[in-house]
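Descriptive structure summary
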Amino acid sequence: MVRAWSEPGLELRSQLVVLTAPYSTPASLRSVEDAPRLPLGCLAFASGDLTIAALAELTTLCAHAPWVVPCLALPAGQQSLEPPLMLVTELRDRLVLVLPSRVHQKDALAHVVTCARRRALPTPNALARWVARRLRCREVEGPLRNQFAEALGGPPAGGGISLASYSRLFSQYGEYTARDWRALARLCVHAQAGTVGDGHSCARLPFRTALAYTRRYLGIPYRVLTERVGWEWVLEGALRSARYV
């Protein structure tokens, strides 16, 4: 389980903390073996003098709990992650970079959450790679990428393969059809876009569609979708609901 901090005035430095909705109280992990118990919609924030060490901690945590949103503090004066680190990290499609802020210490957590909410929308590549790794099945990544790309406004997924053929392929791994995977891609983008107040309105689903998808694939009230941060937990919740994991 996670252990909530109670020491007054504790600063976020050289450590890894987790935040769960409503994202107001930081907690620490007793051990990485406890990571699978972290709830959906959880954020992990790593900071420290050595960026590469903090990134390594995040990578290990996300390997045990892929639904966690990884957030990394950047040192003062640094605006982005060094190119070599961004190229090699497994989290490059998901990583939230938290730039130094002049906010008061008590608002530091809110700053981390704000950065996570403003993260770029997930791409078809990121979504397909996440599912393939979660299912430990690289063969499904390409077909999923094609479905996600079409669902998010890209080229048709056909390539001479019918929707029914894609669905038969996906049936080898679980119950979701090609249409289901497309719907989940849209729901993931909607979940991330819905937490940002600017620039992503076109990515949001109509309310009734979002409500139906949330109930069908996640089995939770729609308000929970709006309260949580990130898109990884949406895929994890959908996989759990259909007993893929």
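Every chain begins its residue count from 1, and numbering advances along the sequence as written. Only residues with pLDDT of at least 70 are given local features in this predicted model, and only at 80 or more are side-chain atom pairs given and counted; all residues enter the totals for whole chains, interfaces and linings. Side-chain descriptors were evaluated using all non-hydrogen atoms of the structure, hydrogens and water having been removed beforehand.

1. Comments concerning the packing of aromatic side chains
The cut-off we apply is this: Pairing of aromatic rings covers Phe, Tyr and Trp, the last through its six-membered ring, and needs centres within 6.5 Å; plane angles under 30 degrees mean stacked, over 60 mean edge-to-face, and all others mean tilted. Each helix corresponds to a stretch of at least 4 residues labelled H or I by DSSP, and each strand to a stretch of at least 2 residues labelled E; elements are numbered beginning at the N terminus. Residue burial is assigned from relative accessible area. The probe radius is 1.4 Å, only protein chains are included, and a residue is buried under 20% of its type maximum, exposed over 50%, and partly exposed in between. Think of it as a cone above the ring: NZ of Lys or CZ of Arg counts as a charge over the ring if it is within 6 Å of the ring centre and within 35 degrees of the ring normal.
Inspection of the entire model under this criterion finds 9 aromatic pairs. Ring geometry for Tyr 166 and Phe 170: centres 6.2 Å apart, planes at 25 degrees, overall stacked. Of this pair, Tyr 166 and Phe 170 are both found in helix α6 (residues 163–170), 4 residues apart, which corresponds to roughly one turn of the helix. For the residue pair Tyr 166 and Phe 170, the accessibility class agrees, reading buried in each case. Taken together, a centroid distance of 6.4 Å and an interplanar angle of 65 degrees make the contact between Phe 170 and Trp 181 edge-to-face. Of the two residues, Phe 170 sits in helix α6 while Trp 181 sits in helix α7 (residues 178–193), which places them 11 residues apart along the sequence. What makes Trp 181 buried here is its relative accessible area of 3%. Taken together, the ring pairs in this structure connect Phe 148, Tyr 166, Phe 170, Tyr 176, Trp 181, Tyr 213, Tyr 217 and Tyr 244 into an aromatic cluster. One Lys or Arg, Arg 228, reaches over the ring of Trp 233 and ends 4.7 Å from the middle of that ring. Over the ring of Trp 67 we find Arg 240; its NZ or CZ atom is 4.7 Å from the centre of that ring.

2. Here we look at helix α4 (residues 124–135)
Side chains that are three or four residues apart share a direction in an α-helix, a result of its 3.6 residues per turn. Going by this rule: Multiplying 1.5 Å by the residue count of a helix minus one yields the expected span of that helix. By the convention used here, residues are in contact when the closest approach between their heavy atoms is within 4.5 Å.
Taking 1.5 Å as the rise per residue, α4 with 12 residues should run 16 Å; its terminal C-alpha atoms sit 17 Å apart, in good agreement. For α4, the set of buried residues is Ala 126, Leu 127, Ala 128, Arg 129, Trp 130, Val 131 and Ala 132. Looking at the buried residues of α4, the elements they touch are α5 (141–151), α7 and α10 (232–241). Directly after α4, the chain includes Arg 136, whose backbone phi takes a positive value near 55 degrees.

3. Focus on the packing of α7 against helix α8 (residues 207–218)
We count it as follows: As a rule, the C-alpha atoms of each element are fitted with a line to give its axis, helices using only the stretch in contact, and angles between N-to-C directions run from 0 to 180 degrees. Take the far helix as the reference: if the near one is turned anticlockwise from it by less than a right angle, the crossing is left-handed, and if turned clockwise, right-handed. Classes in brief: Ala, Val, Leu, Ile, Met, Phe, Trp, Tyr, Cys and Pro nonpolar; Asp, Glu, Lys and Arg charged; the others, Gly included, polar.
At a minimum axis separation of 10 Å, α7 and α8 run at an interaxial angle of 115 degrees. Crossing of α7 against α8: the hand is left-handed. Where α7 approaches α8, its residues Asp 180, Ala 183, Leu 184, Arg 186, Leu 187 and His 190 are matched on the opposing element by Ala 210, Tyr 213, Thr 214, Arg 216, Tyr 217 and Leu 218. The residue inventory of the contact of α7 with α8, partitioned by class, reads 7 nonpolar, 2 polar and 3 charged.

4. A few points about the pairing of strand β4 (residues 43–47)
Under the convention used in this document: Pairing between strands is defined by DSSP: at least two bridges between the two strands are required. Throughout, right-handed denotes a crossover for which the path from the first strand over the helix to the second runs clockwise when the strands point away from the viewer.
For β4, a buried count of 5 out of 5 residues is recorded, marking the element as mostly surrounded by other parts of the structure. One ladder, built from 5 bridges, connects strand β2 (residues 15–19) with β4; its direction is antiparallel. Within β4, the position partnered with Gln 15 by the bridge is Ser 47. Sheet topology note: the β4/strand β5 (residues 69–73) ladder contains 4 bridges and is parallel. Pairing of Phe 45 across the sheet is with Cys 71, part of β5. As for the winding sense of the linkage, the β-α-β connection from β4 through helix α1 (residues 51–64) to β5 is right-handed.

5. Side note on the pattern of salt bridges
Inclusion rule: For salt bridges, the criterion is a side-chain nitrogen of Lys or Arg within 4 Å of an Asp or Glu carboxyl oxygen.
Scanning the entire structure with this criterion turns up 11 salt bridges. Here Glu 227 makes a salt bridge to Arg 223, at a shortest N to O gap of 3.5 Å. Note that Glu 227 and Arg 223 are positioned in helix α9 (residues 222–227) at a spacing of 4 residues, about one turn of the helix. For Glu 236, the salt bridge identified is with Arg 240, shortest N-O distance 2.8 Å. With Glu 236 and Arg 240 both in helix α10, this residue pair falls 4 residues apart, about one helical turn. One salt-bridge network, in which partners are shared between bridges, spans Arg 94, Arg 119 and Glu 232.

6. With respect to the environment of Asp 107
On the secondary structure map, Asp 107 appears in the loop between β6 (96–98) and α3 (108–117). Between the alpha carbons of Asp 107 and Ser 24 there is a distance of 9.6 Å; along the sequence they are 83 residues apart.

7. Thoughts on the pairing of strand β3 (residues 26–29)
Summarising the sheet, β2 and β3 pair through 2 bridges and their orientation is antiparallel. Opposite Val 18, over in β3, you have Ala 27 as the bridge partner. Hairpin connection between β2 and β3: a loop of 6 residues separates the two successive antiparallel strands, and Tyr 23 in this loop has a positive phi of roughly 65 degrees.

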